[in-house]
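Spelled out, the chains give:
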Amino acid sequence: MVLQDVAPARLADSVHRLIGDYRSGAPATEPLLRNMVDATAYAAYRMPATHAAVTAALEQLPEGLAPASLTDLGGGTGAAAWAARDVFGRIPVTVLDQVPEALKLGERIAKGEGFAWQEWRLGEPVPGADLVTVSYVLTELDEDAQADLVAQASAAAAKAVVLVEPGTPPGYRRILAARDRLMADGWHVAAPCPHQLTCGMQGRDWCHFAARVNRSALHRRLKDASLGYEDEKYSFVAATREPVDVPGRVVRHPAFRKGLVTLQLCRADGTVGPALVSKREGPLYKAARDAEWGDRWPPHSD
Ligand SMILES: C[S@@+](CC[C@H](N)C(=O)[O-])C[C@H]1O[C@@H](n2cnc3c(N)ncnc32)[C@H](O)[C@@H]1O
């Protein structure tokens, strides 16, 4: 079954139910994707956004990490598999999920890409890989299951673990808990934090980023949306075996005034606050004008 096989009204019904389920924030007591129509609806209205968020998160891994394989836990229809393909090229990918219809649909969409699709439930053995991704899955689990999933990801990864969640306060808190667990396992936080300290936003703000997603006509129809794009807000942590040197990160949209750019920065000392870059600073000012939410700052350590 692909998009054209399902009546738009059935897809729309499924989209509306899924939106309600995901917004409820309650841990799922049974799989939220119940059948092929749900899997198709998910692929049509959510997968472009989760793909964009995972791509943006993977792009923050250090240059040169070059994972030679990926295991994607709770991979559904394969958003992270495609993201890894976009960022790292043709590496062997295994997508694990509990919903056979999601895997079947993902396999059909990715025909010829060579991804491996495997039915799997949390707690079952995980094939090891250089990179393990977990995207928008913690949100469906209770706290104990979240801890188990992070432990499985941590144990299965040789070089890096990347976790992505919705960019909401609860999504951020799940990422913070996962970050603590990964650090306790000896991982280094490569992004977004430029440090291994307590998050400087805790208690007053939440760390999140945005990825631009172009909406297809079907996507717009399913979401009753008129804009040709949406900004997917996401929180994430990327952890590596080796420490990574990042001086700081831009954690909000920069603000521009004549001759002055204000960057809200997360800094290596764990603090979060504004940095003003004025025209008098020449090349740094030019770089600040080009800086975007989520970028490292300064852009190069020299
Ligand atoms: C919101 S979807 C995310 C899918 C995909 N990772 C993405 O980013 O588009 C959550 C996925 O996690 C899977 N999942 C949730 N709990 C699971 C469990 N206990 N074992 C295996 N998969 C699970 C669901 O079946 C679903 O495909």
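The preceding data block contains the structure.
These remarks concern the structure in this document.

What counts and how
In this convention, every chain numbers its residues from 1, walking through the sequence in written order. Only residues with pLDDT of 70 or above have their local features reported here, since the model is predicted, and side-chain atom pairs are shown and tallied only from 80 upward, although totals for entire chains, interfaces and linings are computed over all residues. Values reported for side chains reflect all heavy atoms of the structure, with hydrogen atoms and water molecules removed beforehand. We count a salt bridge whenever a side-chain nitrogen from Lys or Arg sits within 4 Å of a carboxyl oxygen from Asp or Glu. Runs of H or I in DSSP of at least four residues are treated as helices and runs of E of at least two as strands, each being numbered from the N terminus. Each residue gets one of three labels from its accessible area relative to the maximum for its type: buried under 20%, exposed over 50%, partly exposed in between, using a 1.4 Å probe on protein chains only. It only takes one pair of heavy atoms within 4.5 Å for two residues to be counted as in contact. Stacked, tilted and edge-to-face are the three classes applied to pairs of Phe, Tyr and Trp rings, where Trp contributes its six-membered ring and a pair requires centres within 6.5 Å; stacked means planes under 30 degrees apart, edge-to-face means over 60, and tilted covers the rest. Working rule: Lys NZ or Arg CZ, within 6 Å of ring centre, within 35 degrees of ring normal, means a charge sits over the ring. Lines fitted to C-alpha atoms define the axes here, with helix axes fitted over just the stretch in contact, and angles between the N-to-C directions of these axes take values from 0 to 180 degrees. Orientation is classified from the angle alone, with under 35 degrees giving roughly parallel, over 145 giving roughly antiparallel, 65 to 115 giving roughly perpendicular, and any other angle giving oblique. With the far helix as reference, a near helix turned anticlockwise by less than a right angle produces a left-handed crossing, and one turned clockwise produces a right-handed crossing. Each residue gets one label: Ala, Val, Leu, Ile, Met, Phe, Trp, Tyr, Cys and Pro are nonpolar, Asp, Glu, Lys and Arg are charged, and the others, such as Gly, are polar. Cavity: a set of points on a 1 Å grid over the protein atoms alone where a 1.4 Å probe fits but cannot get out. Pocket: an open set with protein on both sides within 12 Å along at least five of seven lines, its lining residues, like those of a cavity, having an atom within 4 Å of a point. Grid points are joined across faces, edges and corners, and a volume is the space filled by probe spheres set on the points. Note that the domain bounds reflect an automated or database-derived domain assignment. A cutoff of 4 Å decides nearness: a residue is near a molecule or strand if any of its heavy atoms lies inside that distance of it. We define a polar contact as two N or O atoms separated by no more than 3.5 Å, with the added condition that, inside protein, one atom must be a possible hydrogen donor and the other a possible acceptor, whereas residues neighbouring each other in sequence contribute only through side-chain atom pairs. Per-residue and other accessible areas were derived by the Shrake-Rupley procedure at a 1.4 Å probe size, with only the shown protein chains allowed to occlude residues. Molecules are considered to sit inside a cavity or pocket once more than half of their atoms lie within 2 Å of its grid points.

Turning our attention to the pattern of salt bridges. Applying the stated criterion across every chain yields a total of 11 salt bridges. Notably, a salt bridge pairs D290 with K286, separated by 4.0 Å at the nearest N-O pair. Of this pair, D290 and K286 both sit in helix α9 (residues 283–290), four residues apart, which is roughly one turn of the helix. The same class applies to D290 as to K286, namely exposed. Each of R17, D21 and D38 takes part in a single network of salt bridges with overlapping partners.

As for its placement among the helices and strands, T71 is situated in strand β1 (residues 70–73). Each residue touching T71, except ones within four places of it in the same chain, is listed here: T94, L96, V126, P127, G128, A129, L131, V132 and T133.

Our next topic: the packing of aromatic side chains. Given two aromatic rings, one states the distance between the centres and the angle between the planes to describe the pair. For the structure on display, the rule yields seven aromatic pairs. Judged by centre distance (5.5 Å) and plane angle (80°), the rings of W82 and F115 are edge-to-face. With W82 in helix α4 (residues 79–88) and F115 in the loop between α5 (100–109) and β3 (116–119), the pair connects residues that are 33 residues apart, well separated along the chain. W82 gets classed as partly exposed once you look at its relative accessible area, which sits at 21%. Here the aromatic rings of F209 and W293 are separated by 6.4 Å at their centres, their planes lie at 40°, and the arrangement is tilted. Of this pair, F209 sits in strand β7 (residues 209–214) while W293 sits in the segment after α9, and the two are 84 residues apart along the sequence. Both residues of the pair, F209 and W293, count as buried. Here the basic side chain of R46 rests over the ring of Y136, its NZ or CZ set 5.2 Å away from the ring centre. Note that R241 overlies the ring of W187, its terminal NZ or CZ placed 3.7 Å from the centroid.

Between helix α3 (residues 47–58) and α4, whose axes approach to 8 Å, the crossing angle comes to 40°. In terms of their interaxial angle, α3 and α4 are classed as oblique. Relative to α4, the crossing made by α3 is right-handed. Along the contact surface, α3 presents M47, T50, H51, V54, T55 and L58, while α4 presents A79, A80, W82, A83, A84, D86, V87 and F88. The class makeup of the residues in the contact of α3 with α4 is 10 nonpolar, three polar and one charged.

We now examine empty space enclosed by the protein. Vacant regions in the atomic arrangement are exposed by a probe of water-molecule size rolled over the atoms. Enumeration over the complete set of coordinates arrives at two cavities of 30 Å³ or more. Here the largest cavity is characterised by a volume of approximately 150 Å³. Y172, P192, C193, C199 and C207 are, among the 17 residues lining the largest cavity, the residues nearest its centre. At the level of elements, α7 (169–184) and β8 (229–240) are the ones that each hand at least two residues to the lining of the largest cavity. If you tally residues by element for the lining of the largest cavity, the top one is α7, at four residues. Residues of the lining of the largest cavity, tallied by class, amount to 13 nonpolar, three polar and one charged. Looking at which domains feed residues into the lining of the largest cavity, each of domain 1 (3–240) and domain 2 (248–290) gives three or more. As for the second largest cavity, its lining consists of D21, Y22, G25, A26, L32, T139 and E140. Across the lining of the second largest cavity, the residue classes tally to three nonpolar, two polar and two charged.

Around the ligand, a shell composed of 19 residues is seen, among which Y42, T50, G74, D97 and S135 lie nearest. Interatomic distance of 2.8 Å between a backbone N/O atom of G74 and a nitrogen atom of the ligand. Considered on its own, the ligand offers 590 Å² of accessible surface; in the complex 96% of this is hidden by protein. Using a 2 Å cut-off from the grid points, one finds that the ligand occupies the largest pocket. For the shell around the ligand, the class distribution of residues is 10 nonpolar, six polar and three charged.

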